[in-house]
Each structure stands twice: as structure tokens, then as C-alpha cells.
Amino acid sequence: GAAGVGAADASGGVVVTTRLADRPATETDGLLRDAVHVLIDNWHGHSTVPSRDLYPHQWSWDSAFIALGLRRWAPKRAATELLSLFGAQWSDGRIPHIAFNPAVDPDAYFPGPTFWRSADVVGHPPIDTSGIIQPPVHATAAVAVADGLGEDGAAFARRAYPCLVAQHDYLRRRRSVGPAGLAAVVHPWETGMDNSPAWDTPLHAVPADLSLFDTYTRRDLEHAGTGERPTDEDYARYIRLALAYRDHGYDDDWVRAEGAFCVVDPTFNALWARAEISLADLAERIGADPSGHRAEAARLTRALVDQLWSAEAGVFLARDVRTGHRLSERTVSGLIPLVLPDLPAEVVGPVHDTLSSDRFRVGRVYGVPSFDLTDPRHDPQRYWRGPSWLNTTWLVAQGLRQHGYTDLATGLEDDIVALTAQSGLREYFHPLTGTGHGTDRFSWSAALLIEVLLSRR
Ligand code: GLC
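In short, a report on the structure. Keep in mind that this is a model prediction, so the values were computed, not measured. (Residues numbered from 1 in each chain as written. Predicted model: local features only at pLDDT ≥ 70, side-chain atom pairs only at ≥ 80, totals over all residues. Heavy atoms only, no water.)

## Side note on the nonpolar core
Within the largest apolar cluster, 143 residues are counted, with the highest numbers of intra-cluster contacts made by Phe65, Phe156, Leu282, Phe316 and Leu355. With 9 residues, helix α12 (residues 266-285) is the largest single contributor of residues to this core. With residues near it in sequence (within four places) discarded, leucine 355 still touches Leu335, Leu338, Phe360, Arg361, Val362, Val368, Val396 and Leu400. (Core = buried A, V, L, I, M, F, W, Y, C linked by side-chain atoms within 4.5 Å. Buried < 20%, exposed > 50% of the residue type's maximum accessible area, 1.4 Å probe, protein only. Helix = DSSP H or I, 4+ residues; strand = E, 2+ residues; numbered from the N terminus. Contact = heavy atoms within 4.5 Å.)

See the structure below:
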């Protein structure tokens, strides 16, 4: 990919997206039908795979986004999606980032069940899983699913609530760092934004041992081009980090004290804070006490602003726990905290300004680019190093709408429709041209398209 496309084109053309309101019903009905077909195709009987070829198991935060779309047309299926993920929860409360389907060849995906060895861990669930986690967006999806279920919503909430409480307790007890008590991630994959440039500095402190590929074979390159996926060097580092955590029995005391990668990420923590608000909502539906969840949301919101907000950068910046330094890259992760309703006005305004600036050009490109367009490392086709993704675009749209930036929010939803209409239900998209990249028939792209189309009807 051409690096620094934004730098080369900082004052360049403006992308004009067709508004959803101007698309004929015949067209949007067709888009909806295609999206539903993808979710039906990717359904495994109890959950949805992100993509049949590249990701043939159940992924944690994918399932939450998928449930958001599913509940609009098959709310019971949405409930099953989340409950089957909760079936993979460990006894310490962690919800693993992958729940492996025993019916799928263990070598179809790397790193698979024989790599993670979850069955060796005390308190493992009845199926094989990975040992790391992903952003805790599940309580927020659960509220939407409960709404979709109508009168069955309370019964679902009663089942989901204790699992979600345990998930959040795990973050508080086993992942919090420093006096502010934000949660640390111990592997870049835990952020869901695997090869974000924000992780370059901490990740490059991890040795890249390419001889690991004598033992292990990447499977992702069979399904997507090398220019669209992480490099071998970074992949070797990912493997090393995961092996070290595994070989210490997934012990969080060890990993917080000694793991090579330990970072506090804005989106991970913002979604946790947002999910505490959702838990308060669920608690109310089942007659439990919501006040503790509200207090947690307030505590986490304050901590995010105190610890990660950078007025100079105009974004939230991740913090490297090992060095104590802020990581200087401006990425979409630093903008998603806009989803928090109680973010102070002194933060909301500047986040909006950054989104509108040449760094992200929201309203003038497709979606929200995953990385600063003006940074020379911006790579518009490589995974989390530049392309626009639909889940992060949708989260930013939610945040903008919440804080009264209705036109910009609507424009981002229009982009979600425009990108998929032009390029299909791809995994990620070139922010300037809208071309699709990564895998195709990608479930959260389908689910969030459904959510946008049906929420705007
Ligand atoms: C990639 C993405 C991650 C996602 C997974 C499955 O690893 O970076 O966010 O959960 O694929 O779609």
C-alpha cells in the first residue's frame, strides 16, 4: 500500500456519499437481503462466525456487534449468540476472545485450540477457547437484544446479567492497573485493533523470532493478501506474547507485573465504562440494584479523562504501563470515548474537531479511518493501520449523535451504506476510494449495515 496517503493528499478531493435518504427502497431492500443472507450463511447453529474462511470460530466482540444487527430481525438468534459466548466464560469471569467450535478442524485457524490449551487451566469452560480477551461491549449489546425480545427481554436479562457482572468483576480484580484502576490489555489482539500503529513502540520491545514459523503456520495469509495483513515480524511477536501468557497459566498477577506488553487502551476502557451504564439498565429490568454500575461508569469516565486525554493531541492516547509513557499515535481508539454520555464538554468539542480535521476528515472521506491520515505510516489497505472499519465507524457515529452532532453522525451511517453498496460486505475499506479489503461476507459489516438500515426506517 502507498504509505502516508493522507500526507500526499491532505488537501485532496472530497468524497461525496449518496445519502441513505436518497436511495430507492428497491436498492436498500436488496442490501438488507444480502446482509441477512451473510448472517444466515455464517450461522453455525448457536453462533455466527466472523467469516467462513478467515475466522471460522466464534469471536468475542464480533458476537456483540453481530447480536446488535441480529436482534433487528431474529432477536432469539441474537440472544443465543450472546448466551453461547457466555458459555465459554472462564470461572475467573473472563470471556475469551475466541470460543472454538469443536466441529471445525483444529488446524483451520492459527492460533487454534492446540496452541491456547485452555483445557489445562483450572476453571476452564467445557469447550476450547483462547486465553485473552477483547473489548467489553457485550452488556451494551445485551440491552439492545433484551429490547428486541420484547416481553421475553426480562428472562434474557436475568440470564445474561450474572455473566456480564462476572466479566466486569474480572476486569476490576484481575486487569486493573495503577491508582486510577483502568484495565490493562496484555496482548495487542485484546484491543481488537490488532496491528494499530499505537502498539508499534511497546510491541517492538518484544523480540521477533521468525524461527517460530518453523513450528507454526499462519493461516490468515491463505485468505487475504500480505499487503492487507500484519507483517511476519509482528506476527512472531504476537505468538511470543501469547505463548508467555499461556505458559504462565494465564496468570494476571504475573502478566501485569512482568508481561512484555501491558497497555491501557482508550477504547477498551471507554467501552467498559459504557457497558457499566448498560449493566445498570439491565439491573433495573430485573429488580437488581443499578447504583454500583452507575458509580463504576462515573469512576471509569473520570479516570479515562484524567489518565488518557491529551488536550495537545486532541485525542485520548493509550498509555504504556511498562514505561509509564503515553503512546503518541492518533488512532480511532482515541476518538471512540465519545460514546460516553458524561464526557466533559472540554473534551467533547476537541474530539469533534479532531474528527473533522485533516487527520480524520470525517464527512470528507468514507467512514472514520483507523489511523491519522497525515501520519507517514498511514497505510490505507493494511488492517488497523489506516482503513475504515464499520464497527469503529458505527461507534463514533453513536458518540457524535449522543453529543448532538446529528449531521455528522447521519453522514457516517450514510457512509456505512455507501461503502457496502459499492464494495460489498468487506472487512475494511480504503478511506479515500472506498475499495474493499480483507475478507468478504464479513459478519459485523453485515450486522451493522442491518442496524443502520433498520434504525433509520
Ligand atoms: C481480527 C480483528 C478483530 C476481530 C477478529 C475477528 O483479529 O482485528 O478485531 O475481532 O479479526 O473478526
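## Side note on the site of the ligand
All residues adjacent to the ligand are Pro50, Tyr55, Trp59, Trp61, Asp62, Gln134, Gly192, Asp194, Tyr383, Trp384, Phe442 and Trp444. Glutamine 134 is positioned such that a nitrogen or oxygen atom in its side chain is 3.0 Å from an oxygen atom of the ligand. In this structure, an oxygen atom belonging to the ligand sits 2.7 Å away from a side-chain N or O atom of aspartate 194. Summarising the interface, the protein chains cover 97% of the accessible area of the ligand, which totals 310 Å² for the free molecule. (Near = heavy atom within 4 Å. Polar contact = N/O pair within 3.5 Å; in protein donor to acceptor, adjacent residues only side chain to side chain. Areas by Shrake-Rupley, 256 points an atom, 1.4 Å probe, with all protein chains shown as cover.)

## Quick notes on the environment of valine 121
Of note, valine 121 is situated in the loop between α5 (113-116) and α6 (138-148). Measuring from C-alpha to C-alpha, the distance between valine 121 and tyrosine 250 comes to 8.0 Å, with 129 residues separating the pair along the chain. Residues within four places of valine 121 in sequence aside, it is in contact with Trp90 and Tyr250.

## Concerning the packing of aromatic side chains
Throughout the structure, instances matching the rule amount to 24 aromatic pairs. Ring geometry for tryptophan 389 versus phenylalanine 442: centroids 6.5 Å apart, planes at 75°, classification edge-to-face. With a gap of 53 residues between them, tryptophan 389 in the loop between α14 (345-356) and α15 (390-402) and phenylalanine 442 in the loop between β10 (436-437) and α17 (443-455) connect regions that are remote in the sequence. The exposure class assigned to tryptophan 389 is buried, which follows from its relative accessible area of 2%. Taking the relative accessible area as the measure of exposure, phenylalanine 442 reaches 1% and is therefore buried. Grouped by ring-pair contacts, the aromatic residues Tyr55, Trp59, Trp61, Phe65, Tyr109, Tyr383, Trp384, Trp389, Tyr428, Phe442 and Trp444 constitute a single cluster. The ring centre of tyrosine 383 lies 4.3 Å from the NZ or CZ of arginine 229, which sits over that ring. (Phe/Tyr/Trp six-rings, centres within 6.5 Å; stacked < 30°, edge-to-face > 60°. Lys NZ or Arg CZ within 6 Å of the ring centre and 35° of its normal.)

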